[in-house]
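# Summary of the model geometry
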Amino acid sequence: MAATDSNLSVVLHGKDDIRMEDRPVPTPGRGEVQISIHSVGVCGTDVHYWKSGYLVTKDHPVTPMILGHETSGVVSGIGDDVTSLKVGDRVAIEPMNPCLKCEFCKAGRYNLCPKIPLWIPADGHYTRYVAHPERFCYKLPDHVSFEEGALIEPLAVGVYAAERADVKIGKRVLIVGAGPIGMMCLLCARAAGATEICVADIFQGRLDSVKKVGLTSTTVLVDSKNADVMAKKIENTMGGMPDITMECSGSEAGIQVAINATKSGGIW
């Protein structure tokens, strides 16, 4: 179990109101493990909660909650009936705890489980210790660092996007938004065999970072608010309209560019 009684945590109380608080060290229940947290990423969702003070809409204001859900750590305690993990194992955490009984869970779409709607705040991992279901903790190979382990959660977004969009050899792919999720989609689209990939963003610095990765064919600086103008610029840059567009900016303007740029019958 934990070697300390202190569980210092980053707790969001409202807009621009983050406090350091000591929370109880959790005891793992049946089928759970206690994890000593090592690395946690900063997601755009965390920033949104912090700067806005609400969850999905203003009708769902933040109540005191611990942020963070891109996580790796070390198993420091074991609950009853845990069979696949032991104390000392390095793990990445899938930040969910669905019911595994509803129609969505049984169909393998447990991200849609009504037990975990987005507007109900749940404590995350900006803390020293958490208790989490064994089934959603994954051993890290020795060659994978804790920092890389924390990036597995956002990487999964890119993997799933490439699968849903059916990215494969011969496809022309546009990625709108060169932030971390855009970069993950870039890596996964290239791994899936996309023939040509173009990344568009409003910041040249981000596009320069994309070029350093060396996996994209072209980049486009979004320098107009006119979606039709940008769609034509992207088409000219790629030598044709993209078959698939992955919108990774989360902005209304980015969505409009994605719609206008993608060829008829394409996927976005």
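The structure under discussion appears in the preceding block.
Residues numbered from 1 in each chain as written. Predicted model: local features only at pLDDT ≥ 70, side-chain atom pairs only at ≥ 80, totals over all residues. Heavy atoms only, no water.

## Here we look at the packing of helix H4 (residues 152-164) against helix H5 (residues 180-191)
Defined as follows: Think of each axis as a best-fit line through the C-alpha atoms, taken over the contacting stretch in the case of a helix, with angles from 0 to 180 degrees between the N-to-C directions. Secondary structure elements follow DSSP: runs of H or I of four or more residues count as helices, runs of E of two or more count as strands, with numbering from the N terminus. Under this scheme an angle from 65 to 115 degrees is roughly perpendicular, one under 35 degrees roughly parallel, and one over 145 degrees roughly antiparallel; angles in between are oblique. With the far helix as reference, a near helix turned anticlockwise by less than a right angle produces a left-handed crossing, and one turned clockwise produces a right-handed crossing. Residue contacts are defined here by distance: any two heavy atoms, one from each residue, within 4.5 Å place the two residues in contact.
Contact geometry for H4 and H5: axes closest at 8 Å, N-to-C directions at 50°. One element, H4, and the other, H5, form an angle in the oblique class. You can see that H4 and H5 cross each other, and the crossing is right-handed. Across the interface between the two elements, Pro154, Leu155, Val157, Gly158, Val159, Ala161 and Ala162 of H4 pack against Ile181, Met184, Cys185 and Cys188 of H5.

## Looking at the sheet that holds strand S4 (residues 65-66)
Note the cut-off: For two strands to be treated as a pair, DSSP must find at least two bridges joining them.
Read from one edge to the other, the open sheet built from three strands follows the order S2-S1-S4, with strand pairing classed as antiparallel. Two strands bound the open sheet, and with one partner strand each, they are strand S2 (17-22) and S4. By the bridge criterion, six bridges tie strand S1 (residues 8-14) to S2 in an arrangement that is antiparallel. In the strand pairing of S2, Val10 is matched with Met20. Together, S1, S2 and S4 form the strand contacts of helix H1 (residues 44-52), whose direction differs from that of S1 by roughly 50°.

## A closer look at the nonpolar core
A general feature of soluble globular proteins is that nonpolar side chains tend to end up buried together. Worth spelling out the cut-off: The nonpolar core is taken to be a set of buried Ala, Val, Leu, Ile, Met, Phe, Trp, Tyr and Cys residues, with the residues joined through side-chain atoms within 4.5 Å. We call a residue buried when its accessible area falls under 20% of the maximum for its residue type, exposed when it is over 50%, and partly exposed in between, using a 1.4 Å probe and counting protein chains only.
Val167, Val173, Ile175, Ile197, Val199 and Met246 are the most contacted members of the largest nonpolar core, which has 18 residues in total. Taken together, the elements giving at least two residues each to this core come down to strand S9 (172-176), H5, strand S10 (196-201), helix H6 (204-213) and strand S12 (244-247). Other than its neighbours up to four places away in sequence, Val167 contacts Ala162, Val173, Ala189, Ala192, Ala194, Ile244 and Met246. Leu174, Met230, Ala231 and Ile234 belong to the second-largest nonpolar core, a separate cluster that totals 13 residues.

## Things to note about the packing of aromatic side chains
Spelled out, the test is: Working definition: rings of Phe, Tyr and Trp (its six-membered ring) pair if their centres are within 6.5 Å, and the pair is stacked with planes under 30 degrees apart, edge-to-face with planes over 60 apart, and tilted otherwise. Lysine and arginine charges are scored as sitting over a ring when NZ or CZ, respectively, is within 6 Å of the ring centre and within 35 degrees of the ring normal.
Overall, the coordinates contain one aromatic pair when judged by the stated rule. A centroid spacing of 5.4 Å and a plane angle of 55° characterise the contact between Tyr110 and Phe136, whose relative ring orientation is tilted. On the criterion of sequence distance, the pair formed by Tyr110 in the loop between helix H2 (103-106) and strand S7 (129-133) and Phe136 in the loop between S7 and strand S8 (137-139) is long-range, its members being 26 residues apart. The exposure class assigned to Tyr110 is partly exposed, which follows from its relative accessible area of 22%. In this structure, Lys51 is placed above the aromatic ring of Trp50, and the distance from its NZ or CZ to the ring centre is 4.7 Å. Sitting over the face of the ring of Phe146, Arg90 holds its NZ or CZ atom 4.6 Å from the ring centroid.

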